[in-house]
Amino acid sequence: VYTMVPPPLYKDGVYGMNQTVINKVLPDLVRKINDENQLPHPPIDVFKAMGGSGLLHPDWSCDGCHPTDTGYSHIAVAVRDVLTAVLV
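Residues numbered from 1 in each chain as written. Predicted model: local features only at pLDDT ≥ 70, side-chain atom pairs only at ≥ 80, totals over all residues. Heavy atoms only, no water.

> Where do I start with the state of the cysteines in this structure?
Note on terminology: disulfide describes a covalent bond linking the sulfur atoms of two cysteines. Taken as a whole, this structure holds zero disulfides when the rule is applied. Left without a disulfide partner, Cys62 is nearest to the cysteine sulfur of Cys65, which lies 8.2 Å away. When its relative accessible area of 56% is taken as the criterion, Cys62 is described as exposed. Residue Cys65 is classed as buried on the basis of its relative accessible area of 17%. (Disulfide = S-S within 2.5 Å. Buried < 20%, exposed > 50% of the residue type's maximum accessible area, 1.4 Å probe, protein only.)

What follows is the structure in structure tokens.
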């Protein structure tokens with residue numbers, strides 16, 4: 001079982017989502033749930049791959065929430081890197 005820290009929310013209020021909850025609460029919560037359930041792998045950090053708390057790549061989101069094709073490619077690389085490391 002793999003968990004993922006979801007990508008950052010670049011625009012507060014988009015689709016009714018709260019940027020503070022998505023960007024500050026959820027990443028730590030996912031890691032805590034992962035640890036408390038003693039899952040065998042750390043969460044895949046899609047949050048960091050998509051720009052993290054610094055919101056470094058707003059152009060990788062088409063609407064402040066959903067990734068663009070470039071954003072999806074960075075998510076894919078993050079997932080691939082974790083899976084490749086485990087399988088090798």
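> Looking at this structure, how should I read the nonpolar core?
Generally speaking, soluble globular proteins have nonpolar side chains that are buried together. Membership of the largest hydrophobic core is limited to six residues, which are Ile44, Val46, Met50, Trp60, Ile75 and Ala78. Not counting residues within four places of it along the chain, the set of residues in contact with Met50 comprises Pro7, Pro8, Tyr10, His57, Trp60, Pro67, Gly71 and Ile75. (Core = buried A, V, L, I, M, F, W, Y, C linked by side-chain atoms within 4.5 Å. Contact = heavy atoms within 4.5 Å.)

By themselves, these observations are geometric and do not establish any function.
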